[in-house]
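An overview of the molecular structure
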Amino acid sequence: MAKTNPGRFFEDYRLGEVIAHAVPRTVSGGERALYHALYPSRFALASSDEFARASGLPAAPMDDLITFHTVFGKTVPDISLNAVANLGYAEGYFRKPVYPGDTLRSESEVIGLKQNSNGKSGVVYVRTTGRNQRDEVVMEYVRWVMVRKGDLDAPAPETVLPDLAKAVDPADLIIPEGLDFSNYDFTLAGEPHRWGDYEIGEQIDHVDGVTIEEAEHMMATRLWQNTAKVHFDATFRPDGQRLIYGGHVISMARALSFNGLANAQMIVGLNGGAHANPCFSGDTVKAWSEVLDKAETSAPGVGAVRLRLVATKGGDPFRLKGQDGKYLPEVLLDLDFWALMPL
Amino acid sequence: MAKTNPGRFFEDYRLGEVIAHAVPRTVSGGERALYHALYPSRFALASSDEFARASGLPAAPMDDLITFHTVFGKTVPDISLNAVANLGYAEGYFRKPVYPGDTLRSESEVIGLKQNSNGKSGVVYVRTTGRNQRDEVVMEYVRWVMVRKGDLDAPAPETVLPDLAKAVDPADLIIPEGLDFSNYDFTLAGEPHRWGDYEIGEQIDHVDGVTIEEAEHMMATRLWQNTAKVHFDATFRPDGQRLIYGGHVISMARALSFNGLANAQMIVGLNGGAHANPCFSGDTVKAWSEVLDKAETSAPGVGAVRLRLVATKGGDPFRLKGQDGKYLPEVLLDLDFWALMPL
Amino acid sequence: MAKTNPGRFFEDYRLGEVIAHAVPRTVSGGERALYHALYPSRFALASSDEFARASGLPAAPMDDLITFHTVFGKTVPDISLNAVANLGYAEGYFRKPVYPGDTLRSESEVIGLKQNSNGKSGVVYVRTTGRNQRDEVVMEYVRWVMVRKGDLDAPAPETVLPDLAKAVDPADLIIPEGLDFSNYDFTLAGEPHRWGDYEIGEQIDHVDGVTIEEAEHMMATRLWQNTAKVHFDATFRPDGQRLIYGGHVISMARALSFNGLANAQMIVGLNGGAHANPCFSGDTVKAWSEVLDKAETSAPGVGAVRLRLVATKGGDPFRLKGQDGKYLPEVLLDLDFWALMPL
């Protein structure tokens with residue numbers, strides 16, 4: 001047992017520590033094809049080299065969430081192998097598009113620690129940074145997880161809570177170099193709705209549903225080299241079901257949101273997110289969105305929309321929380337992000 | 001709801017109208033690998049760059065049905081989202097091989113309309129054209145579907161039925177530029193049977209069977225960006241099964257036909273096809289073929305065979321229709337196409 | 001039926017005969033992505049072009065078992081379509097790494113024959129060689145299978161048993177040209193344990209488990225163009241389950257062994273292997289290893305370890321055989337190979 005990775009426990013984290021995560025990965029058209037087989041993703045920019053070139057990019061970038069999942073997956077053995085819960089995200093920036101041939105790696109800095117009052121676990125805050133082969137940051141985000149203590153007698157660390165922004169300031173969003181939606185082809189993109197057509201407060205039911213299979217979520221989760229046992233080993237639960245990686249629900253909801261938000265081409269900021277309830281195979285995932293904010297950008301023809309994307313496993317759309325302020329049982333995901341759209 | 005695509009209803013189509021379909025797509029070795037993982041496809045020309053070069057092509061083309069599914073998938077949101085049934089195919093031409101790196105898009109012209117006598121639906125005939133990034137037509141075909149009316153009071157259009165060929169004239173088949181089977185390696189291809197060894201009327205039982213899983217057909221259907229809800233959402237049916245995209249059965253049967261038709265390397269013409277009965281997960285698909293016709297071509301060493309390819313979910317081979325002239329319940333597909341073979 | 005492949009029977013093999021197997025195959029980043037989606041493979045050398053370049057290779061090679069499965073798959077129609085059992089492996093050498101873009105083909109020489117005393121079957125020994133598009137041998141191995149006789153009256157051949165090495169001599173291992181682990185980055189590779197940290201006799205429980213799904217093993221097996229019917233056709237067994245290709249278990253166990261053997265980067269020799277019991281969907285595969293031997297190599301910073309890799313479907317680790325000398329019922333695989341590790 002001495003040579004295998006037991007994962008870290010709460011007392012193993014030190015404030016300011018930087019953890020370099022293992023197993024860099026080169027992505028190719030293979031990862032993209034699999035992503036499009038696992039999710040009904042149809043955003044034209046990540047689907048077509050020609051559409052991307054007409055938008056000022058050198059080729060179709062990988063879907064932004066491929067970047068997120070790849071960077072995230074590398075953190076699992078060091079951050080969340082003994083996690084009780086994935087509590088939240090904040091201050092996420094997509095800084096550089098990723099293209100086939102790029103090689104990604106991740107590192108995380110511990111930016112906050114707080115032992116729980118029961119003394120059995122604590123919350124770890126990390127800022128994770130993903131880099132490509134040129135050492136350019138492709139994305140970064142803050143995540144906090146509840147982690148079990150391995151040694152209950154280990155002393156509690158000084159509580160440090162990071163000061164996290166409620167949302168990414170749109171002035172700080174990074175627009176990919178060269179991006180230009182001045183000559184955007186709405187017909188090829190699939191919908192006529194432009195930035196000006198969306199109003200703050202507007203809600204969109206994305207209508208379509210996808211029923212989840214064990215083989216699919218396991219393939220997705222392995223593709224990101226995410227090693228958390230609960231996603232793969234049926235013996236953990238009496239019903240033989242595996243807990244589905246929250247990122248699978250994120251990608252499924254994002255892909256479903258094409259129907260009504262086909263022009264929300266790129267995710268550039270991640271403001272927050274909650275995995276409200278667990279998802280299992282057999283669940284039929286649907287999604288709805290709400291426009292939370294809008295902003296202009298410096299790039300030609302490009303606007304930004306802040307979206308709440310909610311994934312559910314049934315029930316009517318546009319319902320989120322009960323009178324007790326808690327997420328309704330059918331809500332799987334409540335995600336808050338900035339996306340780029342043609343003006 | 002206003003921003004999502006409700007699909008078109010019968011009264012929304014106009015004769016002569018040309019519909020440009022959304023979401024161009026760049027294909028890569030990823031799509032090919034997935035195709036070969038989803039279907040037991042082994043045709044040497046689409047499997048090996050070296051075999052393709054020895055046959056006069058610059059590299060291994062994508063399996064012809066990848067082209068068909070990709071071009072077809074783009075039409076679904078505009079043509080068949082509210083379709084009751086996919087009724088037939090005709091006049092299909094594969095005009096240019098597709099290679100990794102090519103970007104495909106589709107458009108359809110409405111070439112026929114006929115309201116049904118019940119006034120609740122009608123038949124729409126479209127000629128769909130797929131093009132690559134150089135605006136070259138890679139394939140075209142006629143398809144007709146029965147579509148519901150959204151407004152039962154909408155007036156019936158003038159009935160126009162296109163004059164469709166019973167089969168593609170072999171003189172009109174397009175042979176890929178440079179194709180040359182003069183030095184064809186039958187050992188590497190997997191079978192010794194050449195064009196001259198097949199007789200009109202000959203029937204071949206392809207023997208092998210594949211049992212279908214939900215995860216597989218959904219991955220395939222998403223890969224072609226086909227958005228029809230019935231393929232993905234288990235809540236449509238009380239048994240939780242999803243109706244399998246007819247193209248999944250086409251590709252499965254074509255791949256199974258390798259055993260006995262390993263040298264039918266390229267599909268170049270689509271004469272017709274019927275999805276005789278629905279397919280569901282758990283069905284074990286088998287296939288048999290009948291040689292309907294043969295023709296010579298202008299390319300060195302290359303002949304053409306017209307094949308009926310039948311997919312079944314049980315029962316004895318070579319049975320197609322009952323005494324009532326209707327397809328037997330175990331018949332899934334009756335496809336009629338021209339393929340190229342070494343002389 | 002005359003045109004389909006009935007497979008060979010025991011009496012169809014002749015000592016010294018060389019069988020060229022069909023359907024060469026070009027591999028790409030697509031095959032690699034699928035491999036990483038089907039198995040939790042994380043070995044850094046096959047995951048990252050940058051890590052591979054830092055190790056003296058031109059790019060990330062395909063996982064070694066992709067080579068093995070591809071070469072093996074081609075032999076199935078000629079060697080094991082009528083096999084009763086896959087009995088063993090020996091003298092396996094991985095001679096050249098395979099890279100995206102390479103095209104592989106296989107041939108097998110019959111090196112041994114022995115009819116069983118019941119007269120109904122016999123054992124066929126073949127030495128299979130896989131080559132790339134430059135005719136370079138990428139791997140070779142000996143395999144022996146029990147094959148049914150088609151004609152029970154066919155005379156028994158002279159019994160010839162090949163003289164097979166118990167294990168590959170480490171002096172004969174081929175180190176990929178240029179491989180250099182002098183500047184190996186243990187952090188990026190995922191574990192700090194180097195060649196010197198492993199002791200002969202040491203056992204490692206790889207801890208993690210993966211529950212197998214039908215869709216996954218069928219996709220894997222098709223990807224290698226392995227056509228054995230029992231893996232795909234649910235009608236062969238009353239429970240509708242499909243017998244899982246033994247190679248699926250090999251790759252799953254190898255991937256699981258990352259946890260404790262992350263630095264066993266490349267498989268270079270295959271000493272032996274037994275598929276101890278069949279695997280079916282729903283089984284949860286775990287793995288453990290034992291260090292059988294160690295050897296130095298001529299390459300800078302590179303050592304070799306001989307490993308026994310055991311896959312199980314339950315039970316405690318480190319248990320292999322019962323008092324009767326037979327494999328315990330939970331043991332799926334007992335594999336013996338040489339791998340390269342940083343000193």
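Counting restarts for each chain, with residues numbered from 1 along the sequence as it is written. Labels are handed out in written order, letters beginning with A for the chains and numbers beginning with 1 for the ligands. Selection of residues for local features in this predicted model requires a pLDDT of at least 70, selection of side-chain atom pairs for listing and counting requires 80 or more, and totals for whole chains, interfaces and linings are taken over all residues. Hydrogens are left out, water is left out, and the side-chain values use all remaining heavy atoms of the structure.

By the criterion of burial, helix H7 (residues 246–256) of chain B is predominantly enclosed, with 11 of the 11 residues buried. Remark: exposure states derive from per-residue accessible area (1.4 Å probe, protein chains only) relative to the maximum for the residue type, with buried under 20%, exposed over 50%, and partly exposed in between. Strands here mean DSSP runs of E at least two residues long; helices mean DSSP runs of H or I at least four residues long; both are numbered from the N terminus. Of the residues making up H7(B), those classed as buried are Gly246(B), Gly247(B), His248(B), Val249(B), Ile250(B), Ser251(B), Met252(B), Ala253(B), Arg254(B), Ala255(B) and Leu256(B).

All names here are of chain A. Its domain assignment divides chain A into domain 1 (1–27 + 62–164) and domain 2 (188–343). Here the limits of each domain have been adopted from an automatic or database domain assignment. On a C-alpha basis, the centres of domain 1 and domain 2 stand 21 Å from each other. Counting from both sides, the interface comprises 24 residues of domain 1 and, opposite them, 22 residues of domain 2. Buried area, as used here, totals the accessible surface that two parts lose on assembly, with accessibility defined by a 1.4 Å probe and the loss added over both. The largest per-residue losses of area from domain 1 upon contact with domain 2 belong to Leu65, His69 and Tyr89, which jointly make up 31% of the total buried on that side. The term salt bridge refers to a pairing of a side-chain nitrogen on Lys or Arg with a carboxyl oxygen on Asp or Glu at a separation within 4 Å. Remark: the boundary between domain 1 and domain 2 carries zero salt bridges. Residues adjacent in sequence count toward polar contacts only when both atoms are side-chain atoms; beyond that, a polar contact is any pair of N or O atoms within 3.5 Å, and within protein one must be able to donate a hydrogen and the other to accept it. Counting the contacts that link domain 1 with domain 2 gives 10 residue pairs in polar contact (both at pLDDT 80 or more). Listed by contribution, the elements that provide at least two residues to the side of domain 1 that touches domain 2 are helix H4 (64–79) and strand S3 (83–94). Among the elements that make up the side of domain 1 that touches domain 2, the one with the highest residue count is H4 (11 residues). Polar here means any residue other than Ala, Val, Leu, Ile, Met, Phe, Trp, Tyr, Cys and Pro, which are nonpolar, and Asp, Glu, Lys and Arg, which are charged; Gly is therefore polar. Among the residues making up the side of domain 1 that touches domain 2, the classes are represented as 14 nonpolar, six polar and four charged. Between two residues, a contact is recorded if the distance between any of their heavy atoms is within 4.5 Å.

With 43 residues of chain A at the interface, the matching set in chain B holds 34 residues. When the area that chain A buries against chain B is broken down by residue, the three leading residues are Ala37(A), Arg42(A) and Leu188(A), summing to 20%. For the interface between chain A and chain B, the tally reads four salt bridges. Across the salt bridge formed by Arg222(B) and Glu216(A), the nearest N and O atoms sit 3.0 Å from each other. Our count for the contact surface shared by chain A and chain B stands at 18 residue pairs in polar contact (both at pLDDT 80 or more). The element contributing the most residues to the side of chain A that touches chain B is helix H1 (residues 29–38) of chain A, with seven residues. Looking at the side of chain A that touches chain B residue by residue, the class counts come to 17 nonpolar, 15 polar and 11 charged.

Let's shift gears to the interface of chain B and chain C. Tallying the contact residues gives 44 residues for chain B and 34 residues for chain C. Both faces considered, chain B and chain C share a buried interface measuring about 3000 Å² in area, 58% of it formed by carbon and sulfur atoms. The interface formed by chain B and chain C contains four salt bridges. Between Lys3(C) and Glu202(B) there is a salt bridge, with its nearest N and O atoms 2.5 Å apart. Linking chain B to chain C there are 18 residue pairs in polar contact (both at pLDDT 80 or more).

Screw-axis analysis of chain B against chain C gives a translation of 0.0 Å along the axis, an RMSD of 0.0 Å, and a rotation angle of 120°. Viewed as a symmetry operation, the transformation between the two copies matches a three-fold axis. Of the C-alpha atoms belonging to chain B, the one lying closest to the rotation axis is found on Gly30(B), 2.2 Å away. Little of the interface of chain B is mirrored in chain C: 9% of its interface residues are interface residues there too. Least squares is the method for superposing the copies, and the C-alpha atoms it fits come from residues with pLDDT of at least 70 in both.

Position of Glu202(A) among the secondary structure elements: in the loop between helix H5 (186–189) and strand S7 (203–205). At a separation of 2.9 Å, a polar atom in the side chain of Glu202(A) contacts the main-chain amide nitrogen of Glu199(A). Separated by 2.5 Å, the side chains of Glu202(A) and Lys3(B) make a polar contact. Residue contacts for Glu202(A): discarding those within four places in its chain leaves Asp197(A), Ser289(A), Glu290(A), Val291(A) and Lys3(B).

Here we take up the packing of H1(A) against H4(A). Residues and elements named next belong to chain A. Where helices are involved, their axes are fitted lines through C-alpha atoms of the stretch in contact, as for all axes, and angles between N-to-C directions lie from 0 to 180°. Where H1 meets H4, the closest approach of the two axes is 11 Å, and the angle between their N-to-C directions is 105°. Judged by the inter-axis angle, H1 sits roughly perpendicular to H4. Packed against H1, whose contacting residues are Glu31, Arg32 and Tyr35, the element H4 presents Leu65, Ile66 and His69 at the interface. Any angle that is under 35 degrees is reported as roughly parallel, and any over 145 degrees as roughly antiparallel; angles of 65 to 115 degrees are reported as roughly perpendicular and all others as oblique.

The subject of this paragraph is the relation of the copies chain A and chain B. Mapping between the two chain copies consists of a rotation about an axis together with a translation along that axis. With an axial shift of 0.0 Å and an RMSD of 0.0 Å, the rotation relating chain A to chain B amounts to 120°. Counting the interface residues of chain A, we find that no more than 9% of their copies in chain B are interface residues as well, pointing to two distinct contact surfaces.

Residues and elements named next belong to chain C. Interhelical geometry of helix H1 (residues 29–38) versus helix H5 (residues 214–223) gives an angle of 150° and a closest axis separation of 11 Å. One finds that H1 runs roughly antiparallel with respect to H5. Relative to H5, H1 is oriented so that their crossing is left-handed. Taken together, the residues of H5 that come into contact with H1 (itself represented by Glu31, Leu34 and Leu38) are Glu216, Met219, Ala220 and Leu223. Partitioning the contact of H1 with H5 into residue classes produces five nonpolar, no polar and two charged. It is the rotation of the near helix from the far one that decides the hand of a crossing: anticlockwise by less than a right angle makes it left-handed, clockwise makes it right-handed.

Moving on, we come to the pattern of salt bridges. Residue and element names in this part refer to chain A. Considering all chains together, one arrives at 58 salt bridges over all chains under this definition. Salt-bridge contacts for aspartate 336 lead to arginine 306; the nearest nitrogen and oxygen are separated by 2.5 Å. Linking aspartate 336 in strand S12 (residues 331–342) with arginine 306 in strand S11 (residues 302–312), this pair joins segments that are 30 residues apart in sequence. Each member of the pair, aspartate 336 as well as arginine 306, is classed as buried.

What is meant by a nonpolar core is a set of buried Ala, Val, Leu, Ile, Met, Phe, Trp, Tyr and Cys residues, joined one to another through side-chain atoms within 4.5 Å. Counting residues in each nonpolar core, the largest one holds 178 residues, and the members touching the most others are Leu34(A), Phe68(A), Leu34(B), Phe68(B), Leu34(C) and Phe68(C). With residues up to four places along the chain from it excluded, the contact list for Phe68(B) reads Tyr89(B), Phe94(B), Met139(B), Tyr141(B), Ile250(B) and Leu270(B).

It is worth spelling out the environment of Ile19(C) at this point. Residue and element names in this part refer to chain C. The residue isoleucine 19 is located in strand S1 (residues 18–20) in this model. In this structure, the C-alpha to C-alpha distance between isoleucine 19 and leucine 333, residues 314 residues apart in sequence, is 28 Å. In this view, isoleucine 19 contacts Arg8, Tyr13, Asp78, Ile79, Ser106, Glu107 and Ser108; residues no more than four positions away in its chain are not counted.

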